[in-house]
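A look at the structure
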Amino acid sequence: MFKIIERTVLSANEFQIWLAAPRIAMKAQPGQFIILRINEYGERIPLTICEADATAGTLRIIFQVIGKSTAELAQVEVGSTLLDVVGPLGKPTVIKHYGTVLLVGGGVGIAALFPIIKGLKQAGNHVITIIGAKTAGLLILQEECAHYSDELILVTDDGSVGHHGLVTEPMKKVLQRGGIAVAWAIGPSVMMKYCTQVAMQFDVPIYVSLNPIMVDGTGMCGGCRVMINNQIKFACVDGPEFLGAEVDWNSFIQRMHQYHPEEVAAYQAYQV
Ligand code: FES
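On a predicted model such as this, the values are computed, not experimentally measured, just so you know.

1. Comments concerning the sheet that holds strand 16 (residues 241-243)
Reading across from one edge, 11-10-9-8-12-13-16 is the order of the seven strands in this open sheet, with mixed pairing throughout. Each having just a single partner strand, strand 11 (163-164) and strand 16 make up the two edges of the open sheet. Where strand 10 (residues 151-156) meets strand 11, two bridges bridge the pair, whose relative direction is parallel. Each bridged residue has a counterpart across the sheet, and for Val 155 the counterpart in strand 11 is His 163.

2. Quick look at the sheet that holds strand 2 (residues 14-20)
Here we have four strands laid out as an open sheet, ordered 1-2-6-5, and antiparallel in their pairing. The two strands at the open ends of the sheet, each matched to only one other strand, are strand 1 (4-9) and strand 5 (51-53). Across the sheet, the mean angle separating the axes of adjacent strands is 20° when strand polarity is ignored. Sheet topology note: the strand 5/strand 6 (residues 58-64) ladder contains three bridges and is antiparallel.

3. Examining the state of the cysteines
Tallying each qualifying case throughout the model produces zero disulfides. Take Cys 145: it sits in no disulfide, and the sulfur closest to it among the cysteines is that of Cys 50, at 8.5 Å. What makes Cys 145 buried here is its relative accessible area of 0%. For the unlinked cysteine Cys 195, the closest cysteine sulfur is that of Cys 145, found at 15 Å.

4. Thoughts on the domain arrangement of the chain
Domain assignment breaks the chain into domain 1 (4-89) and domain 2 (100-256). Placing a centre on the C-alpha atoms of domain 1 and another on those of domain 2 gives a separation of 21 Å. Taken together, the contact between domain 1 and domain 2 spans 19 residues of the former and 19 residues of the latter. Both sides together, the interface formed by domain 1 and domain 2 hides about 1,500 Å², and carbon and sulfur atoms give 64% of it.

The rules behind these values
- Residues numbered from 1 in each chain as written.
- Predicted model: local features only at pLDDT ≥ 70, side-chain atom pairs only at ≥ 80, totals over all residues.
- Heavy atoms only, no water.
- Pairing = 2+ DSSP bridges.
- Helix = DSSP H or I, 4+ residues; strand = E, 2+ residues; numbered from the N terminus.
- Axes fitted to C-alpha atoms, helices over the stretch in contact; angles between N-to-C directions.
- Disulfide = S-S within 2.5 Å.
- Buried < 20%, exposed > 50% of the residue type's maximum accessible area, 1.4 Å probe, protein only.
- Domains from an automatic or database assignment.
- Contact = heavy atoms within 4.5 Å.
- Buried area = accessible area lost by both parts, 1.4 Å probe.

See the structure below:
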C-alpha cells in the first residue's frame, strides 16, 4: 500500500508523484485532499489530489518543497512506500453547469485548480483559465490546463512568458467583458485575497481553497480553524473551499505564519 509508482521533478522545487492508493482513488473528487505521513517520525502533510486514476488505483500529487517534510517527501524513491495516507478528505467542489467560469491559479496552487478546471469543462462550462508563477520554469500544467480550457492566459512575475505582472490584472480584463457566472482562485494566501477583492468589484462569487496547518484532517484537533463569515470553521471538514468574500483574510494570513520560525529552524537543521 501507498507505494510511490512514479516521481517527476517539475522544476527547481516542485515535484510530482503518482502514489498507489486504490481505495482513495476510487472515491476522490475535485477539490479533495489527502494527509500523508512518510514515516513514523513524520508530520502529517495535507496535499490536494491533482488527479485520481480509479482504474490504476493511483493518485497524482504535485507539491512544492517549502520545509523539512516536503523536502523529505521529495527524496522518497520510486518503489518505496509511505507509512499512511488518509483520504479523500474535505468537501468536493460543486461541479455543475454554471455557464462561463473563470479559474485563477498561482504557483503550486495550479495543481489543486487543475481537477476543478477539468471537472467544470466536462460539465459543459465555458472555461477561462488564468495561471501564474514567478517565472516560466515554474508555470506547471500548461498543456493540461490548455486542453480543458476554452481560453488560457499565462502570467509570470518576471514576464518570461505570457502577461508580465500579477494574475489580478488579466483577471480584471476578463471580468470587465462580463458574463462570468462564478470564479475560483487557488494559490498563495495573498493572491487569493486580492483575487477575491477583484471578483467582488464585479459582483462575481469566487471560491478559494484554504490550506492552513492540519493535523487529523477530520475536524477533531481544531488546528485548521479559520474564520468564515465571523464563525469558526474547520478547513478540513467544512472546506477546504470557501467563498472568498466570507474569509477573514487577516486572521488566516496571520495563522499561516504562526509557526514560521519553527518551520525555518526545522528546515535548516534538516539541511545541515
Ligand atoms: Fe484538525 Fe481540521 S485538521 S480539525
